[in-house]
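These are the residues of each chain, in order.
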Amino acid sequence: MFALCVMMLVLVGIRGYVSVEPSVSFPPARPSLANLNALCNQGVGRPRYPAFLFPASGRGHQRRCGTAINRVEAWYGMCCAASKTQGQTLCCAKQAWEYALKVFCMEEFMVKDLPHECCEEERGEARWRCFEREAPNPYYQAIPGYTAPSVSVDLGFTWDANAC
């Protein structure tokens, strides 16, 4: 059922034509020991959201959600690829998750739309708990038969090993 919900495309009629818009699986789950194996080993089976999936105008919130997913998935790949201990990999993934959502919230506040409700939480642990509660895929399950397209990301991420 999860796979069906994530990959469901919504047909929307707008002024005489039909466009296909993705249903973005957002927010990403907080990395933990319970989901780290799937986070690292099943990334290619989780959705990515290339820019062409979104209309040229409108749907900015969905586009920002998709961009945040693309970023964090790319950064997870970096955390999981290098030879790190399990604790270091988890620390790196948590930093990537927090940074992706921090940037997402900054982008949400730059537009006139109402920001995501978790972005309105005070910074820090309250915000992270809010995102964690709302994650639709807490165990980073892959979608059977799905292979994520390659999506470039616009921001770099650097793991701070000293913050672990």
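See the structure printed just above.
Residues numbered from 1 in each chain as written. Predicted model: local features only at pLDDT ≥ 70, side-chain atom pairs only at ≥ 80, totals over all residues. Heavy atoms only, no water.

Q: I keep staring at the pattern of salt bridges and nothing clicks. Help me out?
A: One side chain can pair with another of opposite charge once the charged atoms of both are near each other. One pass over the full model with this rule turns up nine salt bridges. When the shortest N-O distance is used, the salt bridge between Glu73 and Arg48 registers 3.7 Å. Of this pair, Glu73 sits in helix α3 (residues 60-81) while Arg48 is found in the loop between α2 (36-41) and α3, placing the two residues 25 residues apart along the sequence. For Arg48, a relative accessible area of 13% translates into the label buried. (Salt bridge = Lys/Arg side-chain N within 4 Å of Asp/Glu carboxyl O. Helix = DSSP H or I, 4+ residues; strand = E, 2+ residues; numbered from the N terminus. Buried < 20%, exposed > 50% of the residue type's maximum accessible area, 1.4 Å probe, protein only.)

Q: Is there a simple way to think about a negative patch on the surface in this case?
A: On the surface, a cluster of negative charge is contributed by Glu117, Glu120, Glu121 and Glu122. With respect to the secondary-structure elements, Glu120 resides in the loop between α4 (86-109) and α5 (125-134). (Patch = residues over 30% accessible without salt bridge, like charges linked within 9 Å, V, L, I, M, F, W, Y side chains within 5 Å. Areas by Shrake-Rupley, 256 points an atom, 1.4 Å probe, with all protein chains shown as cover. Lys, Arg positive; Asp, Glu negative; His and termini not counted. Charge placed at Lys NZ, Arg CZ, Asp CG, Glu CD.)

Q: Any chance you could explain the environment of Thr147 here in plain terms?
A: Summarising the element assignment, Thr147 is placed in the segment after α5. A C-alpha to C-alpha distance of 9.9 Å links Thr147 and Gln42, two positions 105 residues apart in sequence.

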